[in-house]
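Working through the structure, step by step
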Amino acid sequence: MIGNILLPAPAPLLSHRISLYNRRIQPGPRCSLSKQGQRFISTLIATDSNDLSATHRLVRKFVASSSKHVALSTLSHLLSPTTPHHRICSLALPLYLEISEASWFDWNSKLVADLVALLYKLERFDEAETLVTETVSKLGSRERDLCSFYSQLIHSQSKHKSERGVLFFYTKLKLVLLCSSSVYLKQRGYASMVEGFCSIGLPHDAEALMEEMKELGLKLSKFEFRALVYSYGKSGYFRDMKRIVVEMESMGFQLDTVSANMVLNSFGSHNELSEVVSWLQKIEASGVPFSVRTYNSVLNSCPRISLLLQDPKSVPLSLEELMGYLDENEAVLVKILVGSSVLEETMQWKASELKLDLHGMHLSSAYVIILQWFHQLQCKLLAENCVLPAEITVVCGAGKHSVVRGESPVKGLIKEILLQIGCPLRIDRKNVGCFIAKGKTFMEWLSHYNATIHERIS
């Protein structure tokens, strides 16, 4: 019993020894959905789901008329745990089978693992088992590839949060490792199992595996510790999370930006704002650099900022105005963040162009960064008498990865803010994911920015 789940019966013990194992699992194709792929999916949605012959004809026609990139990116889209097209995900299997017959197709065990994970989610276990059996047979005595495949299966199942799938393939991989004399193989296999358990919210079982690693003389890496810290934190086991951070540091793995962001995100997701403040102050004092994800993790935990952003037309339009609206904890967090170097790292300042890139930022981060950017530009120009480049660009993205494709929340927010303060930045006709302005025009507006804000407040 692990995590109160009864494990399926293990497969027969593999008698052969395992040699090497590739630590890094090669990812399957992960591409943006093409326009051809979008049309295909729209056609599938409009087709009667009970008419299987018509559906299969569409699949065959699509694969026959598509390039390798288009076909695989469309399949990848259906296999993704975050796909919005859940109703037609069941067609991923016939699409895969049709693709596998194409002359350009290169067999990929990672793709099979992703497909098996989807079939588990759809509770089509017989079809999933058939794919696994065929793959194991194909790999034969190539033990390195076999172990890699089971690790890929665990990873894919964990992305779909399938506890049943992770636990089932954990037993398969564990049996392979028991037969192995390769330290390297055991190291990578255990790392995969630890990650899988952490991803499905079983941190105590993951820590037990780490103890097994110690008993076997295997070295624990920052990878396992990070996964465990985040799993304990997301599960709300804060005492255990802090304990693992201390243990990680005692073994020579100092707290870094990634680990720090995991801790901040964990506290924030459980509305532990005072803990977020305490840890951000600790991280700042230790000299750990911040990142865009630090902004995301911290600002997403600020309830007043989240409430403000529900109505972009009424948000404060300067840092000074925002700080006056926030409570003490949130004001401390914003003050620490804007004192970091993250803004400078998101800017490119050349003679020809000043560019601010908001990619990767959540709504709250983009909001604070744009206000910080206006404030810093104004201070810099007044204090240092700088000359702005010929063109100003703010990159928001066109919404290709948004919940509603083509509708970027960040772009919508920035557009509203620019409109409210009369900023001359306008959507670029050549790239709708950017706002642009001439440097001279922007400079003239910036010199009156404070007056505009004060007039609005009054």
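This text gives an overview of the structure that appears in the document. On a predicted model such as this, the values are computed, not experimentally measured, just so you know.

**Observations concerning the overall build of the protein chain**
When its secondary structure is counted, the protein chain shows 23 helices and five strands. Put simply, the protein chain has 458 residues, and 50% of those count as buried. Considering only residue pairs separated by 6 or more positions, the protein chain has 69% of its internal contacts joining residues 24 or more positions apart. In the structure as shown, the protein chain presents an accessible area of about 22300 Å², 53% of it carried by carbon and sulfur atoms.

**A closer look at the packing of aromatic side chains**
To describe a pair of aromatic rings, one takes the distance between the centres and the angle between the planes. Evaluation of the coordinates by the stated rule reveals 15 aromatic pairs. Relative to Phe169, the ring of Phe168 has its centre 4.9 Å away and its plane inclined at 75°; by these criteria the two rings are edge-to-face. Judged on exposure class, the residue Phe168 and its partner Phe169 are both buried. Judged by centre distance (6.1 Å) and plane angle (85°), the rings of Tyr232 and Tyr237 are edge-to-face. The exposure class assigned to Tyr237 is partly exposed, which follows from its relative accessible area of 38%. One aromatic cluster is present, formed by Tyr120, Phe125, Phe168 and Phe169 through successive ring pairs. Residue placement shows Arg304 over the ring face of Tyr325; its charged tip is 5.8 Å from the ring centre.

**Structural notes on the sheet that holds strand E4 (residues 426–427)**
Taken together, five strands build an open sheet; the order of strands is E1-E2-E3-E5-E4 and the sheet is mixed. The open sheet has two free edges, formed respectively by strand E1 (347–349) and E4, since each of these has just one partner strand. Against the sheet, helix H21 (residues 409–420) engages E4 and strand E5 (434–438), with an angle of about 30° to E5. Contacting strand E3 (391–395) and E5, helix H22 (residues 439–446) crosses the sheet at an angle of about 90° to E5.

**Describing helix H4 (residues 92–99)**
Within H4, six of the eight residues are buried, which leaves the element mostly enclosed by the surrounding structure. Where H4 is buried, its residues meet helix H1 (35–46), helix H2 (52–65), helix H3 (68–79), helix H5 (109–121) and helix H6 (125–139).

**Here's the deal with the pattern of salt bridges**
Throughout the structure, instances matching the rule amount to 13 salt bridges. As a salt-bridge pair, Glu127 and Arg124 come within 2.5 Å of each other at their nearest N and O atoms. What makes Glu127 partly exposed here is its relative accessible area of 32%. Taking the shortest distance from any N to any O, the salt bridge between Glu275 and Lys242 comes out at 3.0 Å. In this pair, Glu275 sits in helix H14 (residues 273–286) while Lys242 sits in helix H12 (residues 238–250), placing the two residues 33 residues apart along the sequence.

Conventions adopted
The written sequence of each chain sets the order in which its residues are numbered from 1. With pLDDT at 70 or above as the cut-off, local features in this predicted model cover only qualifying residues; side-chain atom pairs require 80 or more to be listed or tallied, and sums for whole chains, interfaces and linings still use all residues. Heavy atoms from the whole structure form the basis of all side-chain values; hydrogens and water molecules are not counted. Runs of H or I in DSSP of at least four residues are treated as helices and runs of E of at least two as strands, each being numbered from the N terminus. Note on exposure labels: buried denotes an accessible area under 20% of the residue type's maximum, exposed denotes more than 50%, and partly exposed covers the range between, all computed with a 1.4 Å probe on protein chains only. Working rule for contacts: check all heavy atoms of both residues, and any pair within 4.5 Å makes them a contact. A 1.4 Å probe and the Shrake-Rupley method give the accessible areas. Residues count as covered only by the protein chains that appear here. By convention, a stacked pair of Phe, Tyr or Trp rings (six-membered ring in the case of Trp) has centres within 6.5 Å and planes under 30 degrees apart, an edge-to-face pair has planes over 60 apart, and any other such pair is tilted. When the NZ atom of lysine or the CZ atom of arginine is within 6 Å of a ring's centre and also within 35 degrees of its normal, the charge is said to sit over that ring. At least two DSSP bridges between two strands are required for those strands to pair. Orientation is described by lines fitted to C-alpha atoms, with helices fitted over the stretch in contact, and by angles between N-to-C directions that extend from 0 to 180 degrees. Salt bridges are defined as contacts in which a side-chain nitrogen from Lys or Arg sits within 4 Å of a carboxyl oxygen from Asp or Glu.

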